[in-house]
Amino acid sequence: MGRLVPAVTRALDILELFLDGDGTLSAPDIVRKLQLPRTTVHELVSTLAARKYIVPVAGQPGRYRLGVRPYQLGARYAEHLDLAAEGQQVARSVAETCDETVHVAILEHTDVIYIAKVDSTHAVRMVSAAGRRLPAHCTSVGKMLLASLPEQELAARFPDGAELAGMTPNSITDPAVLRERLAEIRGRGVAVESRESNPDVSCVAAPVRDRTGQVVAALSISVPMIRWSDDRLGELEQLAVKGAAELSERLGHRSMA
């Protein structure tokens, strides 16, 4: 890797801060979060605003949100990423069937990144967004993707003795327990997460394969606990599997069944 340019790194650090929270920030927020000098932040923010990477928030003086340029870059990227485009279409179809929030996610080291999302129409629903990153071991999509890894690769990402960060009291924090759960998931072909990333939500996920048969993503259905039940679990699993199979077919995968 070549030598990193500090000014560019800092500018990208600022842009990435907008991925968290409500998506708005002030210059003092950036100074506090990145521990940068106020003059440096002012210069970088002014430059990013001038290039339309961030724009002022209407009615909130001094606060910014992402502008049109990151959207344009992301849209151009998505044009060449069939998985995101096809995933959004399939997620919409699955969501219309069950009226729950549907995600498609990919694995990046020990995290999942959501690349497609369609909301439920219910007033009470999971709040999330495409582009969000979460610890893989705390989510159904993440566990489904981790279960597809070779054992050696899994051990490298989750060494024995390492404590995993939890998001709720139900999160798995022991690598040995995680491996047991992943073995069960491999056997069943679906993953279930019970309030492990959100105390009020449970999810079910199934694997998405490309034309070579490799698992490249997972599709999940997220349901608030007020609408979750053991009786409904079987229906949701079947729907997730069907949706994941449809997305796999769109990516060129041909089932041997």
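This text follows the structure it describes.
We now turn to the structure provided with this report. Throughout this document, residue positions are counted from 1 along each chain, in the order its sequence is written. Only residues with pLDDT of at least 70 are given local features in this predicted model, and only at 80 or more are side-chain atom pairs given and counted; all residues enter the totals for whole chains, interfaces and linings. To obtain the side-chain values, all non-hydrogen atoms of the structure were used and water was disregarded.

**A word on the packing of helix 1 (residues 6-17) against helix 2 (residues 27-34)**
No. 1: In contact at an axis separation of 11 Å, helix 1 and helix 2 are set at 110 degrees when each is read in the N-to-C sense. By the angle between their axes, helix 1 is roughly perpendicular relative to helix 2. Here the hand of the crossing between helix 1 and helix 2 comes out right-handed. Contacts between helix 1 and helix 2 involve Asp 13, Ile 14 and Leu 17 from the former and Ile 30, Lys 33 and Leu 34 from the latter.
No. 2: Classification convention: Asp, Glu, Lys, Arg as charged; Ala, Val, Leu, Ile, Met, Phe, Trp, Tyr, Cys, Pro as nonpolar; all other residues, Gly among them, as polar. Among the residues making up the contact of helix 1 with helix 2, the classes are represented as four nonpolar, no polar and two charged. In this description, a line fitted to the C-alpha atoms serves as the axis of each element, helices being fitted only across the stretch in contact, and the angle between N-to-C directions of two axes falls anywhere from 0 to 180 degrees. Every helix listed is a DSSP run of H or I at least four residues long, and every strand listed is a run of E at least two residues long, numbered separately from the N terminus. Here the angle decides the label: under 35 degrees means roughly parallel, over 145 means roughly antiparallel, 65 to 115 means roughly perpendicular, and every other value means oblique. Definitions for this section: a left-handed crossing has its near helix turned counterclockwise from the far helix by less than a right angle. A right-handed crossing has that turn clockwise. Here, residues are in contact when the closest pair of their heavy atoms is within 4.5 Å.

**A few points about empty space enclosed by the protein**
No. 1: Grid points spaced at 1 Å over the protein atoms alone were grouped into cavities, where a 1.4 Å probe fits but cannot get out, and pockets, open sets with protein on both sides within 12 Å along at least five of seven lines, with lining residues defined by an atom within 4 Å of a point. Grid points are joined across faces, edges and corners, and a volume is the space filled by probe spheres set on the points. Evaluated as defined, the whole model comprises one cavity of 30 Å³ or more.
No. 2: Its volume calculated, the largest cavity comes out at about 40 Å³.
No. 3: Every residue lining the largest cavity is counted, eleven residues in all, and those nearest its centre are Tyr 114, Glu 193, Cys 203, Ser 220 and Ser 222.

**A look at the packing of helix 5 (residues 82-98) against helix 9 (residues 230-250)**
Packed helices, taken two at a time, are described by the angle their axes make and the gap between the axes.
No. 1: Helix 9 packs onto helix 5 with a crossing angle of 150 degrees between their chain directions and a minimal axis gap of 10 Å. With respect to helix 9, the element helix 5 is oriented roughly antiparallel. In this structure, helix 5 crosses over helix 9, and the sense of that crossing is right-handed. Judged by residue contacts, Leu 83, Glu 86, Gly 87, Gln 89, Val 90, Val 94, Thr 97 and Cys 98 of helix 5 engage Arg 232, Leu 239, Gly 243, Glu 246, Leu 247 and Arg 250 from helix 9.
No. 2: Residues that form the contact of helix 5 with helix 9 fall into these classes: six nonpolar, four polar and four charged.

**Overview of the environment of Val 8**
No. 1: Along the polypeptide, Val 8 turns up in helix 1.
No. 2: In sequence terms Val 8 and Leu 44 are 36 residues apart; their C-alpha atoms lie 9.3 Å from each other.

**Points about the sheet that holds strand 7 (residues 191-194)**
No. 1: Taken in spatial order, the six strands line up as 6-5-4-9-8-7 in an open sheet, and their pairing is antiparallel. Either end of the sheet is taken by a strand with one partner, and the two such strands are strand 6 (133-135) and strand 7. The mean angle between the axes of side-by-side strands here comes to 30 degrees, regardless of whether they run parallel or antiparallel.
No. 2: Two strands are counted as paired when DSSP detects at least two bridges linking them. Bridge count for strand 8 (residues 201-209) against strand 9 (residues 215-224) is nine bridges, and the pairing is antiparallel. Considered in strand 9, the bridge of Ala 205 is made with Ser 220.
No. 3: Across the sheet, helix 5 touches strand 4 (101-108), strand 5 (111-118) and strand 9, and the angle it forms with strand 5 is around 60 degrees.
No. 4: Together, strand 4, strand 5, strand 7, strand 8 and strand 9 form the strand contacts of helix 6 (residues 140-147), whose direction differs from that of strand 9 by roughly 155 degrees.

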